[in-house]
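Here's the letter readout for the chains.
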Amino acid sequence: MVDYLGYRPNKYTIVLTRGAAFIQRFEVIDTPLPEGTTSWLDIYDSDDELLATWPATAISPLAVDYLIEPQHADALPARTHANYYLYLNYPATTLPYCWFRGPIVRE
C-alpha cells in the first residue's frame, strides 16, 4: 500500500553562487519531449510569495536547459528561505507537470 496519492516531484536543492550564472541541463531518459513543450522555474519565498519565474532557455526532445544570468540569480534575496518548482507543459494540454522541486541555497 502506498502512503500518498498523486505524483511526487523529484526533490533537489538548487545552489546559487553570488555573481555567477545558474546553468543547468535536465536530461530526459525515457520518452522524448514533444515539440512545443515549455518549461519554467517558479521561485517562492518562505511566505509563499512568488519571487521570480525563470523560463527555460532551450528545450529539445532530450533536454531542458536553463541559463539564468547572474543579475537575475542575484536578485533573489540572500537570506530568503526560497523554494523552487520546475514545471513542464506539454503542447497537447494546459496542465503543468511539476518535474522538480526543492530549496534554494547560496554558497
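Just above sits the structure.
Residues numbered from 1 in each chain as written. Predicted model: local features only at pLDDT ≥ 70, side-chain atom pairs only at ≥ 80, totals over all residues. Heavy atoms only, no water.

Asks: I'm lost on the side chain of Asp45 in this one. Help?
Replies: Looking at where Asp45 falls in the secondary structure, it is placed in the loop between strand 4 (38–44) and strand 5 (50–55). Buried within the structure, Asp45 lacks any salt-bridge partner; Arg106 is the closest side chain of opposite charge, at an N-O distance of 13 Å. Engagement of the side chain of Asp45 in a polar contact is seen with the backbone nitrogen of Asp47, the distance being 2.9 Å. Among residues more than four places away in sequence, those in contact with Asp45 are Leu51, Thr80, His81 and Ala82. (Helix = DSSP H or I, 4+ residues; strand = E, 2+ residues; numbered from the N terminus. Buried < 20%, exposed > 50% of the residue type's maximum accessible area, 1.4 Å probe, protein only. Lys, Arg positive; Asp, Glu negative; His and termini not counted. Salt bridge = Lys/Arg side-chain N within 4 Å of Asp/Glu carboxyl O. Polar contact = N/O pair within 3.5 Å; in protein donor to acceptor, adjacent residues only side chain to side chain. Contact = heavy atoms within 4.5 Å.)

Asks: Teacher, can you tell me more about the layout of surface pockets here?
Replies: Using a probe with the size of a water molecule, rolled over the atoms, empty space left in the structure can be pinpointed. Volume-wise, the largest pocket comes out at about 210 Å³. In terms of lining, the largest pocket is formed by Glu27, Val28, Ile29, Asp30, Thr31, Pro32, Leu33, Pro34, Leu88, Tyr90, Tyr97 and Trp99. Residue classes in the lining of the largest pocket are distributed as 9 nonpolar, 1 polar and 2 charged. (1 Å grid on protein atoms, 1.4 Å probe; cavity = no way out; pocket = protein on both sides within 12 Å on 5 of 7 lines; lining within 4 Å. Points joined across faces, edges and corners; volume = space filled by probe spheres on them. Nonpolar A, V, L, I, M, F, W, Y, C, P; charged D, E, K, R; others polar.)

Asks: Is there a simple way to explain the pattern of salt bridges in this structure?
Replies: The tally for this structure, following the rule as stated, stands at 2 salt bridges. Notably, a salt bridge pairs Arg18 with Asp74, separated by 3.7 Å at the nearest N-O pair. Here Arg18 is found in the loop between strand 2 (14–16) and strand 3 (22–27), whereas its partner Asp74 is found in the loop between helix 1 (70–73) and strand 8 (83–89), with 56 residues between them in sequence. The exposure class of Arg18 is partly exposed, given its relative accessible area of 47%. Judged by relative accessible area, which is 23%, Asp74 ranks as partly exposed. The salt bridge partner of Arg25 is Asp65, with a shortest N-O separation of 2.7 Å. Of this pair, Arg25 sits in strand 3 while Asp65 sits in strand 7 (residues 63–68), and the two are 40 residues apart along the sequence. Look at Arg25 and you get partly exposed, because its relative accessible area is 46%.

Asks: What is the right way to look at the sheet that holds strand 3 in this model?
Replies: Hydrogen bonds along the backbone pair up the strands of a sheet, which may run parallel or antiparallel. Taken in spatial order, the 3 strands of this open sheet run 3-7-6, and their pairing is antiparallel. With one partner strand each, in any of the chains shown, strand 3 and strand 6 (58–60) form the two edges of the open sheet. Mean inter-strand twist for the sheet, computed between neighbouring axes without regard to direction, equals 5°. (Pairing = 2+ DSSP bridges. Axes fitted to C-alpha atoms, helices over the stretch in contact; angles between N-to-C directions.)

Asks: Is there a simple way to think about the nonpolar core in this case?
Replies: Nonpolar side chains in soluble globular proteins generally cluster together in the buried interior. If you look at the biggest cluster of nonpolar residues, it comprises 23 residues, and the most contacted ones within it are Trp54 and Tyr66. Looking at this core, the elements that each hand over two or more residues are strand 2, strand 3, strand 4, strand 5, strand 7, strand 8 and strand 9 (97–106). In this structure, Trp54 is in contact with Leu16, Phe22, Trp40, Leu41, Ile43, Tyr66, Ile68, His72, Ala73 and Leu76, ignoring residues within four places of it in sequence. (Core = buried A, V, L, I, M, F, W, Y, C linked by side-chain atoms within 4.5 Å.)

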